Amino acid sequence: MTSDAAPARPDATDEVVDLCRDLLRIDTTNTGDNDTSVGERRAAEYVAEKLAEVGVDAEIHESAPGRANLVARIPGTEPGRDALLVHGHLDVVPADPDEWSVHPFSGEIRDGYLWGRGAIDMKDFDAMVLAVVRDWQRTGVRPRRDVVLAFTADEEAGSDYGAHFLTRRHRDLFDGCTEAIGEVGGFSYSVDEQRRLYLIETAEKGIDWLRLHARGRPGHGSMVHDDNAVTALAEAVARIGRHRFPVVMTDTVRAFLAEVADVLGIEIDPDDPETAIAKLGPIANIIGATIRNTANPTRLAAGYKDNVIPGRATATIDCRSLPGQSEELERQLRELVGPDIAIEYVQRQPALETTFDGDLVARMSEALRAEDPGAHPVPYMLSGGTDAKAFSQLGIRCFGFAPLRLPADLNFSGLFHGIDERVPLDGLQFGVRVLDRFLRTC
Ligand SMILES: [Zn+2]
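Being a predicted model, the structure only gives us computed values, none of them experimental.

(A) Spatial organisation of the overall build of the chain. Looking only at helices and strands, the chain has 13 helices and 19 strands in total. In summary, the chain has a C-alpha radius of gyration of 23 Å against a globular reference of 22 Å for 442 residues, a match within 12%. Expressed along its principal axes, the backbone C-alpha trace of the chain runs to roughly 80 × 55 × 45 Å. Pairs at least 24 residues apart make up 80% of the contacts formed inside the chain by residues separated by at least 6 positions. Surface exposure of the chain reaches about 19,100 Å², of which carbon and sulfur atoms provide 47%. If the 48 positive side-chain charges of the chain are averaged to one point and the 73 negative ones to another, these points end up 2 Å apart.

Structure below.
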């Protein structure tokens, strides 16, 4: 409730920086464990307060003590129309202050950036949404269709206490929602001074986390032993870790590459998309992971004493499948590990893919072009997963559209979960203008 220095009616682009800063100063670290995760309740209460100040009622739904999710509905002027869901998560991944140039929860402004854990993932978008809605409420603007706002917990640990909880237990809150926007899309990639691609997420890979179990004969570490669970597991893990899965082109990646080829004026060899992707610099990492299934070993566990051969050993593999490829990936993995290793899925969430067409896409593209005449909106596939996985289970068509104009030299993808995460202040304000235009017209 501070207003002493603020103008009587602050503009959304003025306010967004303060809102984002306030959110960054609330440590919402999600460790993946309820006992050590913090701050989501405080952040949700902050959002509720900012909405209440302008007359928007919001409900907070806790999935477990402290794991708070907030949902509110802004009624549209054309009640017969389907509703739009706008969602953002409030939690962040941990940050070690010793590794950062500024304290990750200080919300410092330096060199034209607002710094802090969550600055781009994704308190920036949370703040943009709040800024736009507050501005509307103060100036009497109403959207055409109902806009449902969801600020969620637990996205960074699989969304069980967040979006999945909401869609499981409170699906009525999303009545009428047919389309949604959230992270990770709408950000710019500079081609040159004049032209920027804006990557709108229309697809995301599936999550296929699995555990390998090897069994063997326990025994004494000093003896000849030909049935060692650790050896069997290590061989299987190494085979998976070194395997390159075949390239599979999806509609989304094909459309993305066609647009890139057009804008850059280059030919892309359909049999060798990797050469072209490698030239995309900072976004090559993201795009490169969307032309094939991937499987990265991440954890190993075996044994309890230096001279005892254990009877079992386990490994976790973080696999990500392309749309329609989850079964095929499972088949490929079984072939790689052989018949003696058991595969157990610990997370299996399907990939998503929608088309880059229709009114909503047209409104996104128009809003971007209105604020940046050099904007070229393109569809792309995210290699990671988001809350869209949960919302799509309600039949909602999900897009990643959290608009940001970025400086050409910023390694944006490196900032996600990275050290010195920060958002450019002018990019944040650009995002507010685009979001405002988009939400007014869609
Ligand atoms: Zn995120």
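(B) Focus on the pairing of strand 7 (residues 177–182). Most of strand 7 sits out of view: five of its six residues are buried. Inspection of the sheet shows strand 3 (residues 83–89) paired to strand 7 by four bridges, in the parallel sense. If you follow Ala83 over to strand 7, its bridge partner there is Cys177. With four bridges joining them, strand 7 and strand 18 (residues 397–400) adopt parallel strand pairing. Note on strand 18: the bridge partner recorded for Glu179 is Arg397.

(C) Here's a closer look at the environment of Cys442. On the secondary structure map, Cys442 appears in the segment after helix 13 (425–441). Each C-alpha atom of the pair Cys442 and Phe356 lies 15 Å from the other, and the pair is 86 residues apart in sequence.

(D) Structural context of the side chain of Ser413. Mapped onto the fold, Ser413 is located in helix 12 (residues 412–415). When sequence neighbours within four positions are dropped, the list of residues in contact with Ser413 reads Pro282 and Ile286.

(E) Fine view of the pattern of salt bridges. Tallied over the entire structure, the rule returns 35 salt bridges. A salt bridge links Arg41 to Glu45; its shortest N-O distance comes to 2.8 Å. Residue Arg41 and its partner Glu45 are located together in helix 2 (residues 40–52), separated by four residues, close to a single helical turn. Judged by relative accessible area, Glu45 falls into the partly exposed class, the value being 38%.

(F) Structural detail: the side chain of Glu156. Examined against the element boundaries, Glu156 turns out to sit in the loop between strand 6 (147–152) and helix 4 (163–169). There is no salt bridge for the buried Glu156, and the closest opposite charge comes from Arg117, which lies 7.8 Å off by N-O distance. Side chain to side chain, Glu156 and His417 meet in a polar contact 3.0 Å long. Those residues in contact with Glu156, other than ones at most four positions away along the chain, are Asn30, His89, Asp91, Val92, Val93, Asp121 and His417.

(G) Local environment of the sheet that holds strand 19 (residues 422–424). Strand order in the open sheet formed by three strands is 4-5-19, with antiparallel pairing between adjacent strands. Two strands bound the open sheet, and with one partner strand each, they are strand 4 (109–110) and strand 19. Where strand 5 (residues 113–115) lies against strand 19, three bridges are found, and the strand directions are antiparallel. When the bridges of strand 19 are listed, Leu114 appears paired with Val423. The strands touched by helix 13 are strand 4, strand 5 and strand 19; relative to strand 19, the strand with the most contacts, the crossing angle is about 70°.

(H) How the structure looks around the coordination of the zinc ion. Here the zinc ion is held by the protein donor atoms His89 (NE2), Asp121 (OD), Glu183 (OE) and Glu183 (OE), which lie 1.8 to 2.7 Å from it. Each of the four donor atoms bound to the zinc ion contributes to angles spanning 52 to 155°, and the resulting shape is irregular. One chain supplies every donor for the zinc ion, spaced along it as H-x31-D-x61-E. On the criterion of sequence distance, the pair formed by His89 in strand 3 and Asp121 in the loop between strand 5 and helix 3 (123–139) is long-range, its members being 32 residues apart. The buried category is assigned to His89, whose relative accessible area is 1%.

(I) Representation of the packing of helix 1 (residues 12–25) against helix 13 in the model. Contact geometry for helix 1 and helix 13: axes closest at 9 Å, N-to-C directions at 120°. Here helix 13 runs oblique to helix 1, going by the angle between their axes. Of the two elements, helix 1 crosses helix 13, and the hand of that crossing is right-handed. On helix 13, the residues touching Ala12, Thr13, Val16, Val17 and Cys20 of helix 1 are Leu425, Leu428, Gln429, Val432 and Arg433. Per-class residue counts for the contact of helix 1 with helix 13 are seven nonpolar, two polar and one charged.

(J) Region of interest: helix 13. Between its terminal C-alpha atoms helix 13 stretches 25 Å, which fits the 24 Å expected from 17 residues at 1.5 Å a residue. What helix 13 keeps buried is the set Leu425, Gly427, Leu428, Phe430, Gly431, Val432, Val434, Leu435, Asp436, Phe438 and Leu439.

(K) Here's a closer look at the UniProt feature "domain: Peptidase M20 dimerisation" (unreviewed entry) in the chain. Summarizing the sequence annotation, UniProt attributes the feature "domain: Peptidase M20 dimerisation" (unreviewed entry) to residues 202–337 in the numbering used throughout. With 38% helix and 26% strand, residues 202–337 has its two end C-alpha atoms placed 33 Å apart.

(L) Fine view of the sheet that holds strand 15 (residues 342–349). Here we have four strands laid out as an open sheet, ordered 12-14-10-15, and antiparallel in their pairing. Each edge of the sheet is formed by a strand with only one pairing partner; in this case those strands are strand 12 (294–302) and strand 15. Strand-to-strand twist of the sheet, defined as the mean angle between neighbouring strand axes without regard to direction, takes the value 20°. Here seven bridges tie strand 10 (residues 206–215) to strand 15, and the two strands are oriented antiparallel to one another. Within strand 15, the position partnered with His213 by the bridge is Ala342. Packed on one face of the sheet, helix 9 (residues 326–337) meets strand 10, strand 12, strand 14 (312–321) and strand 15 and runs near 155° to strand 15.

Analysis parameters
- Residues numbered from 1 in each chain as written.
- Predicted model: local features only at pLDDT ≥ 70, side-chain atom pairs only at ≥ 80, totals over all residues.
- Heavy atoms only, no water.
- Helix = DSSP H or I, 4+ residues; strand = E, 2+ residues; numbered from the N terminus.
- Rg over C-alpha atoms; globule rule 2.2 N^0.38 Å.
- Contact = heavy atoms within 4.5 Å.
- Areas by Shrake-Rupley, 256 points an atom, 1.4 Å probe, with all protein chains shown as cover.
- Lys, Arg positive; Asp, Glu negative; His and termini not counted.
- Charge placed at Lys NZ, Arg CZ, Asp CG, Glu CD.
- Buried < 20%, exposed > 50% of the residue type's maximum accessible area, 1.4 Å probe, protein only.
- Pairing = 2+ DSSP bridges.
- Salt bridge = Lys/Arg side-chain N within 4 Å of Asp/Glu carboxyl O.
- Polar contact = N/O pair within 3.5 Å; in protein donor to acceptor, adjacent residues only side chain to side chain.
- Axes fitted to C-alpha atoms, helices over the stretch in contact; angles between N-to-C directions.
- Donors = N, O, S within 2.8 Å, 3.2 Å for Na, K, Ca; no water.
- Tetrahedral: all angles 85-135°; square planar, octahedral: opposite > 155°, others 65-115°.
- Parallel < 35°, antiparallel > 145°, perpendicular 65-115°, else oblique.
- Left-handed = near helix turned anticlockwise from the far one by under 90°.
- Nonpolar A, V, L, I, M, F, W, Y, C, P; charged D, E, K, R; others polar.
- Expected span 1.5 Å × (residues − 1).
- UniProt positions renumbered as here; feature names shortened; annotations may be inferred.

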